[in-house]
Amino acid sequence: MTDSRTTPAAGDGGPDEADTLDLPTLDIHSGSYPDPVTAGRSELLDDPVDWGPVTTGPGVLHLVPVRPGRDLGLLTAWMNDPVVAEFWDLAGPAERVLDHLRPQLEGDGRSVPCLGVLDGEPMSYWEIYRADLDPLARHCPVRPHDTGVHLLIGPSRYRGRGTGTALLRGVAELILRRRPRCSRVVAEPDVRNGPSVAAFRRAGFRLDREIRLPDKLAALMMLERPVTGGGGTP
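Anyway, here's the lowdown on the structure attached to this text. Values in this document were obtained by computation on a predicted structure and should not be read as measured data.

### Comments concerning the packing of aromatic side chains
Alright, step 1. Under the counting rule described, the total for this entry stands at two aromatic pairs.
Alright, step 2. A centroid spacing of 5.6 Å and a plane angle of 65 degrees characterise the contact between W88 and Y125, whose relative ring orientation is edge-to-face. Here the residue W88 occupies a position in helix 2 (residues 82-88), and Y125 occupies one in strand 4 (residues 121-130), the gap between them amounting to 37 residues. Neither W88 nor Y125 differs from the other in exposure class; each is buried.
Alright, step 3. Seen from their ring centres, F200 and F205 are 4.9 Å apart, and the 80 degrees between their planes marks the pair as edge-to-face.
Alright, step 4. Given the relative accessible area of 4%, F205 is considered buried.

Structure, rendered in structure tokens:
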């Protein structure tokens with residue numbers, strides 16, 4: 001999504017205000033999901049709220065739909081971390097973060113905001129979106145059902161340890177497994193965000209090109225679905 005910023009915080013960061021919060025442990029199996037805010041409107045992305053968990057090196061990750069009443073304070077704290085704010089540009093009061101979330105929560109499901117919950121702890125924010133239905137498609141060639149990702153890691157203790165790389169790899173695999181019509185996972189981090197670009201590379205994404213977007217010069221990163229099946233006789 002070209003109206004949001006991109007993946008900061010894949011590398012080492014400074015002090016993180018959210019590290020001082022009493023982070024909740026979410027009971028993924030409590031029966032409280034899917035969220036009625038997004039349920040029934042995510043057909044464009046094959047219902048990401050129902051994708052289930054993915055096992056990564058750091059632990060088991062669930063993507064759960066953002067609920068402003070529960071999550072807005074946590075997201076606001078993360079957005080006010082200077083490392084995050086440099087690239088997301090959402091520092092300030094909670095209303096500014098809510099204004100960013102609202103078009104996705106009230107939209108048609110082409111972009112779904114999620115918390116990344118690692119072994120029960122909410123520690124990252126994700127936006128999963130249809131790149132071919134996004135303004136991004138005005139700036140670069142896209143294929144039908146190309147799926148984009150934005151990621152920020154909230155608590156600084158998770159940064160600079162390879163966690164971002166592992167989560168990106170796991171979520172990309174989850175997208176390709178759950179979205180059979182999707183042949184590529186794409187991302188567009190700011191070219192200035194070296195740790196983010198490096199994390200995508202280590203996760204298996206390749207740099208396709210640099211593109212000028214309205215709010216940044218972006219590195220267009222792509223991860224292709226592996227080609228399977230045997231070939232014919234030469």
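Next comes the rest of the description.
### Here we look at the sheet that holds strand 5 (residues 147-153)
Alright, step 1. Read from one edge of the open sheet, eight strands run 1-2-3-4-5-6-8-7, paired in mixed fashion. Of all strands in the sheet, those bounded by a partner on one side alone are strand 1 (54-56) and strand 7 (206-213). Here the average twist between neighbouring strands, direction ignored, is 30 degrees.
Alright, step 2. Pairing of strand 2 (residues 59-65) with strand 3 (residues 111-118), which is carried by five bridges, proceeds in the antiparallel orientation. In the sheet register, P65 faces strand 3, and the bridge partner there is C114.
Alright, step 3. Strand contacts of helix 1 (residues 68-79): strand 2, strand 3, strand 4 and strand 5, with the helix running at about 90 degrees to strand 4, the strand carrying the most contacts.

### Digging into the packing of helix 4 (residues 163-178) against helix 5 (residues 194-202)
Alright, step 1. Where helix 4 contacts helix 5, the axes come no closer than 8 Å and their chain directions differ by 50 degrees. Judged by the angle between their axes, helix 4 and helix 5 are oblique. Judged by the twist between their axes, the crossing of helix 4 over helix 5 is right-handed. Across from T165, L168 and R169 in helix 4, the residues of helix 5 making contact are A199, F200 and R202.

### Focus: the side chain of S111
Alright, step 1. Relative to the assigned elements, S111 resides in strand 3.
Alright, step 2. A distance of 2.6 Å separates polar atoms of two side chains, one belonging to S111 and the other to Q104.

Analysis parameters
- All residue numbers refer to position in the chain's written sequence, counted from 1.
- Thresholds applied to this predicted model are a pLDDT of at least 70 for local features of residues and 80 or more for the giving and counting of side-chain atom pairs; totals over whole chains, interfaces and linings are not thresholded and use all residues.
- Computation of side-chain values covers all heavy atoms of the structure but excludes hydrogens and water.
- In summary, the pairing rule links any two rings of Phe, Tyr or Trp, Trp by its six-membered ring, whose centres are within 6.5 Å, and it sorts them by plane angle into stacked for under 30 degrees, edge-to-face for over 60 and tilted for everything else.
- We count a stretch as a helix when DSSP gives it H or I for four or more residues in a row; a strand needs E for two or more, and each element gets its number in order from the N terminus.
- Remark: exposure states derive from per-residue accessible area (1.4 Å probe, protein chains only) relative to the maximum for the residue type, with buried under 20%, exposed over 50%, and partly exposed in between.
- The pairing criterion for strands is at least two bridges between them, as found by DSSP.
- In this analysis an axis means a line fitted to C-alpha atoms, helices contributing only their contacting stretch, and an angle means the value between N-to-C directions, from 0 to 180 degrees.
- Contact between two residues is taken to exist if any of their heavy atoms lie within 4.5 Å; hydrogens are not considered.
- By the definition adopted for this analysis, an angle is roughly parallel if under 35 degrees, roughly antiparallel if over 145, roughly perpendicular if from 65 to 115, and oblique otherwise.
- Each crossing gets its handedness from the near helix: less than a right angle anticlockwise from the far helix is left-handed, clockwise is right-handed.
- Polar contact is the term for a pair of N or O atoms within 3.5 Å; when the atoms are in protein, one must be able to donate a hydrogen and the other to accept it, and sequence-neighboring residues count only if both atoms are side-chain atoms.

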